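Fold and geometry: a report
Residues per chain, in single letters:
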Amino acid sequence: MKTQALWIAGLVAMPFAAQAQTEISWWHAMSGANGEVVNKIATDFNASQSEYVVKPVFKGTYPETLNAGIAAFRAGQAPDIIQVFDVGTGVMMAAQGAVKPVAEVLEEGGFKFDKSQYLAGIVGYYSTPEGDMLSFPYNSSSPVMYYNKDIFTKAGLDAENPPKTWADVWTAARKIKESGAATCGYTSTWLTWIHTETFAAWNDTPWATNENGLAGQPELEIDSPLYVKHFQELADLAKEGVFVYGGRTSEAKQNFTSGECGILTESSGGLGDIVKAGINYGIGQLPYDETAPGAPQNTTPGGASLWVMGGKSDETYKGVAAFFNYLSQTPVQQHLHEQSGYLPVTMAAYEATKASGFYQTNPAREVPILQMSGKPPTANSKGVRAANLPQLRDIQNEEYEKMLAGQQDAATALKNAAERGNAAIKEAYGN
């Protein structure tokens, strides 16, 4: 009888035990080594307290995750937290009522929100013009140049002195190919983010009017001579077989980690997979165009931020606030930065990393931070924004792919991308 009573008591108690923890769903786009970091952060947070359980769910690439989130919201099944890449920021900002500002979530959850503790360049990108932070900058990054030191040595290049300008990259890439050190000299992920949007900021040239869309409806200016020069050089390298196109997002990283290509421009957040590949690699600053006055200027944040969806329970928001407060802690940010290559989003984490001597033994790991914070931003280098930025990137990619296939030159590709993009912008803004 005593055993039966205990068994019944256990059954009765089980529902209450299950209800004690609130589940927080987190949709993300992190695969490979960065996916492992996501899982570890969630596991560590869950173990640090007993009220909430964060459950990460991988939803595919950045664009796929954004599209999944939009579809889920329309179906009334949105996750609690969704990771949205930088390009989707304008889309999320325009979705009034669909999201709850992160500053509001933290303050209502009982946590003091002080945006001055976050790196200014990062927090500014994810805030309204009035300065209210809308999303949590989870994995901010800056594009950098990776190079294979063994391939450089084999090609007769200085493995300790990576190229700094695009002209130098083209020369090194051709030498790699011609020497037989590798079958491909150069490859790049994200032609839209790295070679178009960041190209604008780093070379202090306009991407669009109205401060690249931050001050109002933009009109694209990506068909100006500096862009045409740059993309024609890229098209020429592709024709020679020196440049290999990997795909629209991060696919080209595989061309580098496999040893096929000697040089790669990619997000600083791609570091984890490069380390995992066991390559003897080096990191250099993102190349700039030496003919651009004032270059290099500053890079802008890439990567992604965490958005909180609207219409959730108070208990869910309390759990999200607790999780974001955990993410802001210096040891967590320091671990994320050192393991993934993404930037520390708080000043305290950056200072702690410096104090630990990490940058003394890994000087190249500070490159993306210095790129972003080296100079005060100009009207051309605060970032880009458009309500339909994902659509604009699709249009640009279509034109770039035709160019790289030899179907049109760079001037035609960029003229088409600008004209088609501006027509899409007018439609998106209702005029």
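Now for a description of the structure that goes with this document. (Residues numbered from 1 in each chain as written. Predicted model: local features only at pLDDT ≥ 70, side-chain atom pairs only at ≥ 80, totals over all residues. Heavy atoms only, no water.)

Description of the pairing of strand E9 (residues 261-267)
Summarising burial for E9: 7 of the 7 residues are buried, a large majority. Of the strand pairs in this sheet, strand E6 (residues 143-148) and E9 are connected by 5 bridges, and their pairing is antiparallel. Counted as the bridge partner of Tyr-147 is Ile-263 from E9. The pairing of strand E7 (residues 184-188) with E9 spans 4 bridges and is parallel. From the neighbouring strand, Cys-184 faces E9, where its bridge partner is Cys-261. (Buried < 20%, exposed > 50% of the residue type's maximum accessible area, 1.4 Å probe, protein only. Helix = DSSP H or I, 4+ residues; strand = E, 2+ residues; numbered from the N terminus. Pairing = 2+ DSSP bridges.)

Remarks on the pairing of E7
In terms of residue burial, E7 counts as a mostly covered element, since 5 of its 5 residues are buried. Two strands pair when backbone bridges link them, and E7 and strand E8 (residues 243-245) are joined in this way by 3 bridges, in the parallel orientation. Among the inter-strand pairings, Tyr-186 is bridged to a residue of E8, identified as Phe-243.

Description of the environment of Ser-48
Residue position: Ser-48 is located in helix H2 (residues 32-48). Among the residues examined, Ser-48 registers a relative accessible area of 46% and is labelled partly exposed. Placed 278 residues apart in sequence, Ser-48 and Tyr-326 show a C-alpha to C-alpha distance of 9.2 Å. For Ser-48, the side chain forms a polar contact with the main-chain oxygen of Phe-45, separated by 2.6 Å. (Polar contact = N/O pair within 3.5 Å; in protein donor to acceptor, adjacent residues only side chain to side chain.)

Examining helix H3 (residues 62-74)
The end-to-end C-alpha distance of H3, which contains 13 residues, comes to 19 Å, matching closely the 18 Å that a straight helix rising 1.5 Å per residue would cover. Tyr-62, Thr-65, Leu-66, Gly-69 and Ala-72 are the residues of H3 that are buried. The buried residues of H3 occupy an angular sector of 130 degrees when the element is viewed end-on, so they sit on one face. The inward-facing, buried residues of H3 contact strand E1 (22-28), strand E3 (81-85), helix H4 (89-94), strand E5 (136-141), strand E11 (302-309) and helix H19 (389-404). Just past H3, the residue Gly-76 takes up positive phi, approximately 75 degrees. (Expected span 1.5 Å × (residues − 1). Arc of directions from axis to C-beta. Contact = heavy atoms within 4.5 Å.)

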